[in-house]
Amino acid sequence: MGSAPIDGANQHSFDYGNRGEVNALNTSRRLAWELLQGRPAAVMHVGDISYAVGYEFEWDQFGEQVRPVAERVPWMTLIGNHELLTPHTYIAGTDSGGEGGVPYANRFLMPAPADTKRPDTPWYTFRVGPVRFIIMCTELSFLRGSPQHAWIAATLQAVDRGATPWLVFAGHRPMYVDSISNDTSHSDQVMAALLRAELEDVLVAGGVDLALWGHHHSYQRTCVVRNQECGPVGITHIVAGTAGFDLRKNFYPTPPPYMRQAFNTYWGYLRMGATDTRLTVEFVNDEDLAVKDTVELTKTPPRTRPTTRR
């Protein structure tokens, strides 16, 4: 997402000629408008929160930017590469500008075990109505045998599907993505393949209905997919990285066969609604509030596997 000065002044950013993530202002205003309409019950922000990357005042500016919403409903977050990565982290990089997750962890205190004010265990779970959310960290080890992998597996098994019939999983880097980035150890396709190898079967067996991701600055939605094939058993994946940073143009010339929708021409956000038998997700263009894509998952109790209708 990021932030930008409301007066158009310059500030450090990787895009927009050092004017900040200017489209984040519009997204923040649209979320405040949603609040006036009686929505939402909570906000889920899937990483790359402020893009402060060492410029401390940008955290304060971001907090003020989202305050009209965040002081009224829970602003739930997960950590991304631009909050955590340093040359000494699990995935080595300079993406956080040396922050190493510390400013993030002290400003966004999420439920246990992510409540330590340290970025060591930033995974957690929470409930909103009939939906249980399980939050992972793609920037720390999720390999079999890691503490995070064990926590994910145990948390999935503990979900009460009677109380929360819908199960949504979320992380920063996507498990499925339309991107030609494949040239480093932590590029889009390398990380997607690793996520699939280590977690996909666990998530499917645990009954995850929907997976939400960020990182790639575009909107993307898959079919119900498992092992890169569409079918009746699997998970619908959505990439929503369009809240403020400049949009990415590195799609494949031909989309992957599991991709049902992908565009990089609109900034916007997701609007989600759920009952015990229906989960609807809309992508909203924050320029004019037009709904550009909709997916609807349905289930009839006591079934636990959803069907998808466009």
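Below: a short report on this structure. (Residues numbered from 1 in each chain as written. Predicted model: local features only at pLDDT ≥ 70, side-chain atom pairs only at ≥ 80, totals over all residues. Heavy atoms only, no water.)

Here we take up the nonpolar core. Judged by nonpolar contacts, the single largest core of 73 residues is most densely connected at W75 and L203. No other element matches helix α6 (residues 188–205), which puts 6 residues into this core. Among all residues touching L203, those that are not within four sequence positions of it are I152, L156, F169, M175, V208 and I235. (Core = buried A, V, L, I, M, F, W, Y, C linked by side-chain atoms within 4.5 Å. Buried < 20%, exposed > 50% of the residue type's maximum accessible area, 1.4 Å probe, protein only. Helix = DSSP H or I, 4+ residues; strand = E, 2+ residues; numbered from the N terminus. Contact = heavy atoms within 4.5 Å.)

All told, the structure shown has 13 aromatic pairs when counted by the stated rule. With a centroid separation of 6.4 Å and an interplanar angle of 80°, the aromatic rings of F62 and W75 are classed as edge-to-face. Of this pair, F62 sits in helix α2 (residues 57–70) while W75 sits in strand β2 (residues 75–77); the two residues are 13 residues apart in sequence, bridging distant segments of the chain. Per residue, the accessibility class of F62 equals that of W75, and both read buried. (Phe/Tyr/Trp six-rings, centres within 6.5 Å; stacked < 30°, edge-to-face > 60°.)

Further remarks concern the environment of H216. Mapped onto the elements, H216 comes out in the loop between β6 (210–213) and β7 (219–226). The class for H216 is buried, based on a relative accessible area of 3%. Sequence-wise, H216 and V239 are 23 residues apart; in three dimensions their C-alpha atoms are separated by 7.2 Å. The contact partners of H216, leaving out residues within four places of it in the chain, are V177, D178, S179, D188, V239, G241, R248, N250 and F251. Polar contacts involving the side chain of H216 include one to the side chain of Q220, which spans 3.5 Å. At 2.7 Å, the side chain of H216 and the side chain of N250 are in polar contact. (Polar contact = N/O pair within 3.5 Å; in protein donor to acceptor, adjacent residues only side chain to side chain.)

Now for the state of the cysteines. One way to say it: the disulfide is the covalent bond shared by the sulfur atoms of two cysteines. One pass over the full model with this rule turns up 1 disulfide. A sulfur-sulfur distance of 2.0 Å marks the disulfide that ties C223 to C230. In this structure the cystine formed by C223 and C230 twists about its S-S bond by roughly -90°; its chirality is therefore left-handed. (Disulfide = S-S within 2.5 Å.)

Okay, the pairing of strand β13 (residues 291–298) next. Put simply, side chains in a regular strand alternate between the two faces of the sheet. The sheet contact formed by strand β12 (residues 278–285) and β13 spans 7 bridges and is antiparallel. Its bridge partner lying in β13, E282 is registered against T294. In textbook terms, the turn of a hairpin is the stretch between consecutive antiparallel strands, and for β12 and β13 this stretch comprises 5 residues, one of which, L289, has a positive phi near 65°. (Pairing = 2+ DSSP bridges.)

The subject of this paragraph is α6. The end-to-end C-alpha separation of α6 is 24 Å, in line with the 26 Å expected for 18 residues at 1.5 Å each. At L199, α6 is bent by approximately 55°, the largest bend along its length. Of the positions making up α6, those classed as buried are D188, Q189, M191, A192, L195, R196, E198, L199, E200, V202, L203 and V204. Buried residues belonging to α6 abut α5 (147–158), β5 (166–170), β7 and β9 (235–240). Within two residues after α6, G207 carries a phi angle of roughly 80°, on the positive side. (Expected span 1.5 Å × (residues − 1). Bend = angle between axes of the 7 residues up to and from the residue.)

Axis separation between α5 and α6 bottoms out at 10 Å; the angle between their running directions is 10°. As judged from the angle between their axes, α5 and α6 are roughly parallel. From α5, H149, I152, A153 and L156 reach across to α6, where they touch E198, L199, V202 and L203. (Axes fitted to C-alpha atoms, helices over the stretch in contact; angles between N-to-C directions. Parallel < 35°, antiparallel > 145°, perpendicular 65-115°, else oblique.)

Geometry only, nothing functional implied.
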